Amino acid sequence: MDYCDTKSTQWPCVPGKKYYGRGPLQLSWNYNYGPAGQAIGFDGLGDPGQGGAGPYPLVSFKTALWFWMKYVHVMPQGFGATIRAINGAVECNGKNPAKMEDRVCLFKEYCQQRRPGGQPHLLDREDLGM
């Protein structure tokens, strides 16, 4: 299956390209690859492989974060709210501070590797119940 929705005239499929699930959140369909590419800065319709793993890990994770923020995680609070949405019942509000701190440290390390100085605005500790 090529995951091409021919009804999506705003994001038309490129002949021979397949828009199957790729990357950390398994982005699928031309109507997702097109706007993801436009938002992030890659040719999502012409080169959908950039939205997945392989030689483009940074684009892959940016695509996953774009999808999450646009369609799944509509709360504007940042990474802390994401932890709360996924694992809040077992990590937040003092339930497992070591695990939550480990996740925060890994996130900060990732940001530091990708952009020196990190991106602390993506983490709001109040969202974690701290």
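Residues numbered from 1 in each chain as written. Predicted model: local features only at pLDDT ≥ 70, side-chain atom pairs only at ≥ 80, totals over all residues. Heavy atoms only, no water.

J.: For the overall build of the chain, give the residues involved together with the corresponding values.
T.: When you go through the chain residue by residue, the secondary structure sums to 4 helices and 0 strands. N-terminal to C-terminal, the α/β element order of the chain is α-α-α-α. Residues counted as buried form 35% of the 130 residues belonging to the chain. Here the contacts in the chain between residues at least 6 apart in sequence split such that 48% fall between residues at least 24 apart. Surface summary for the chain: the accessible area is close to 7800 Å², and the carbon and sulfur share equals 56%. (Helix = DSSP H or I, 4+ residues; strand = E, 2+ residues; numbered from the N terminus. Buried < 20%, exposed > 50% of the residue type's maximum accessible area, 1.4 Å probe, protein only. Contact = heavy atoms within 4.5 Å. Areas by Shrake-Rupley, 256 points an atom, 1.4 Å probe, with all protein chains shown as cover.)

J.: I'd like a description of the state of the cysteines, backed by residues and values.
T.: In total, this model carries 1 disulfide according to the counting rule given. There is a disulfide in this structure between Cys4 and Cys13, and the S-S distance comes to 1.9 Å. Note on the Cys4 and Cys13 pair: the S-S dihedral is about 115°, so by sign convention the disulfide is right-handed. (Disulfide = S-S within 2.5 Å.)

J.: Residue-level account of helix α1 (residues 30-40), with values.
T.: Looking at α1, one finds that the buried residues are Asn30, Asn32, Tyr33, Gly34, Pro35, Ala36 and Gly37. With its phi angle positive at about 105°, Gly41 sits one or two positions after the end of α1.

J.: Kindly report on the side chain of Thr63, identifying the contributing residues and their values.
T.: As for its placement among the helices and strands, Thr63 is situated in helix α2 (residues 57-72). In this structure Thr63 comes out as buried when scored by relative accessible area, which is 1%. Once you skip the residues sitting within four places of it in the chain, Thr63 turns out to touch Leu27, Ala36, Ile40, Phe42 and Gly51.

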